[in-house]
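Report on the structure
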Amino acid sequence: MRELDVIISRYSELKAQHIRCVLATVVHVDGSSYRRPGARMLVDEYGNITGAISGGCLEGDALRKALYALDRQENKLVTYDTSDEDDAVIGAQLGCNGIIQVLFEPIDYSDQHNPCELLRKVIEKEVPVAISVVFDLEQCNKQLGTAMITNEEGHLSSKILNADLEEALLLQSKKVLKKDKSCFGKMNAPEGEHHVFMELHRPPVNLVLVGAGNDAQILAQQAELLGWKVTVTDGRPTHANKERFVGSCQVIVAKPEETLASIKIDQRTCFVLMSHNYNYDLAVLKLLLGKTEIPYIGILGPLKKYERMLNELADEGIEVSKEDLNKIHAPVGLEIGAETPAEIGLSILAEIQSVLKHKNARPLKQKTEPIHDTTANQFQKITL
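In this report, we go over the structure that sits alongside the text. (Residues numbered from 1 in each chain as written. Predicted model: local features only at pLDDT ≥ 70, side-chain atom pairs only at ≥ 80, totals over all residues. Heavy atoms only, no water.)

1. Remarks on the overall build of the protein
In terms of regular secondary structure, the protein is built from 9 helices and 17 strands. With 384 residues in all, the protein has 48% of them scored as buried. Considering only contacts in the protein between residues 6 or more positions apart, those separated by 24 or more positions represent 61%. A total of about 19200 Å² of accessible surface is found on the protein, and carbon and sulfur atoms cover 49% of it. Each charge class in the protein was averaged separately, 43 positive and 54 negative side chains, and the resulting centres sit 2 Å apart. (Helix = DSSP H or I, 4+ residues; strand = E, 2+ residues; numbered from the N terminus. Buried < 20%, exposed > 50% of the residue type's maximum accessible area, 1.4 Å probe, protein only. Contact = heavy atoms within 4.5 Å. Areas by Shrake-Rupley, 256 points an atom, 1.4 Å probe, with all protein chains shown as cover. Lys, Arg positive; Asp, Glu negative; His and termini not counted. Charge placed at Lys NZ, Arg CZ, Asp CG, Glu CD.)

2. Remarks on unusual backbone geometry
Omega for the bond connecting Ala330 with Pro331 falls within 30 degrees of zero, at 0 degrees, which places this linkage in the cis form. On the secondary structure map, Pro331 appears in the loop between β16 (328–329) and α9 (341–356). In this model, Gln73 sits at a positive phi of 55 degrees, which is unusual for a non-glycine residue. Structurally, Gln73 can be placed in the loop between α2 (59–72) and β4 (76–81).

3. Here we look at α2
The end-to-end C-alpha distance of α2, which contains 14 residues, comes to 20 Å, matching closely the 20 Å that a straight helix rising 1.5 Å per residue would cover. On its buried face, α2 is in contact with β1 (21–31), β2 (40–44), β3 (49–51), β4 and β5 (98–106). Phi for Gln73, located one or two positions after α2, is positive at around 55 degrees. (Expected span 1.5 Å × (residues − 1).)

4. A closer look at the pairing of strand β14 (residues 269–273)
In terms of residue burial, β14 counts as a mostly covered element, since 5 of its 5 residues are buried. Note that strand β11 (residues 206–210) and β14 share 5 bridges and pair parallel. Of the residues in β14, the one forming a bridge with Leu207 is Cys270. Bridge count for β14 against strand β15 (residues 296–299) is 4 bridges, and the pairing is parallel. The residue bridging Phe271 from the neighbouring strand is Ile297, located in β15. (Pairing = 2+ DSSP bridges.)

5. Observations concerning the sheet that holds β4
Read from one edge to the other, the open sheet built from 5 strands follows the order β3-β2-β1-β5-β4, with strand pairing classed as antiparallel. Two strands lie at the open edges of the sheet, namely β3 and β4, each paired on one side alone. The mean angle between the axes of side-by-side strands here comes to 25 degrees, regardless of whether they run parallel or antiparallel. Bridge analysis of β4 against β5 gives 6 bridges, and the strand direction is antiparallel. From the neighbouring strand, Asp81 faces β5, where its bridge partner is Ile99. Lying over the sheet, helix α1 (residues 3–16) contacts β1, β2 and β3, oriented at roughly 20 degrees with respect to β2. (Axes fitted to C-alpha atoms, helices over the stretch in contact; angles between N-to-C directions.)

6. Description of the environment of Glu312
Take Glu312: it is sitting in helix α7 (residues 303–315). Glu312 sits in the partly exposed class, given a relative accessible area of 25%. On a C-alpha basis, the gap between Glu312 and Glu293 in space is 24 Å, while along the polypeptide they are 19 residues apart. Once residues lying within four places of it in the same chain are set aside, the contact partners of Glu312 are Tyr278 and Leu282.

7. Side note on the pairing of β1
The side chains of a regular strand alternate between the sheet's two faces. Of all 11 residues that make up β1, 9 are buried, and the element is covered over most of its length. Bridging between β1 and β2 involves 5 bridges; their strand directions are antiparallel. The residue of β2 that forms the bridge with Cys21 is Asp44.

8. With respect to the packing of helix α6 (residues 278–288) against α7
It is at 11 Å that the axes of α6 and α7 come closest, and there the two elements cross at 55 degrees. Relative to α7, α6 is oriented oblique. Note that α6 runs across α7; the crossing there is right-handed. Mapping the contact onto sequence places Tyr278, Asp281, Leu282, Leu285 and Lys286 in α6 and Lys305, Arg308, Met309, Glu312 and Leu313 in α7. (Parallel < 35°, antiparallel > 145°, perpendicular 65-115°, else oblique. Left-handed = near helix turned anticlockwise from the far one by under 90°.)

Below, the structure is given as structure tokens:
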């Protein structure tokens, strides 16, 4: 389950018990930080925390700031400077060297557009969504907070906003969704200057495992830890069943030619063919060829198996396009010396992550530039 799902689940529990809470959101980072903008945590009135905004270094003080905001019942922006080694509040010599802006929003359960209710709509929609969080770097000014969510079709839900601000956020949201990238904006309004963190929230990865062997069991568990949606399909009911695949994993018993009948495919759907049955894997591969929306197809087994598949496809007059060849990963996984099913699962998931993020999976120590793209932290001018 992804962190945001856990937070909203906890929010629902607190709401049912009438326990007050505060949502903390990282809205901007200048420099390095363990967590990036969009990291969230929920703090209840008893000091219990769900989620995280750092690796643990900020949570102690953030808890105090959250309870203060809860007591005052007003949004509050707090700046943490982890580059200051003499900062006794955060702790000396963390080495992060970043300036982190955290927004604290007390939750009003009577408000159907409170931040957690807006975020609930986000996780209910299995489509890309832009989340607009409006704040002011002048901390003494009013902090509007989580204000709007938008999908590609337009406005989904928002707080009550003035018409100009709502229109500006809507137009910028569409740009974020089109570019498939979060951004930061700055706008001048009659009441003063606003800053906005416009977060692109993508739906979870949908991992389809073709084959329900013991190694698929482990891979499914590992993927669920990442918050991915997992579907397992196999022609053997003795293997493909909910007793073997617990949790939220969807299990389908189907002949290979029927594999896609119950599976919705989009740009976040990845396939791993691991049935240990050559003919079954080949039959499913035929179905996947030409599906341009699929970003990744992995095939378990040696290179000779994949070469045999290509030869048989050619003998049948099936030409595998360059686009399909680029998305097929055979043998599947990164070269990390994997031997056990768990290690192989790790190599597969790491490869899928690198493909979806368009990264080359090299060691971070080989990077000469910052881990994260610092140019993306700049505030763009948004016209009202």
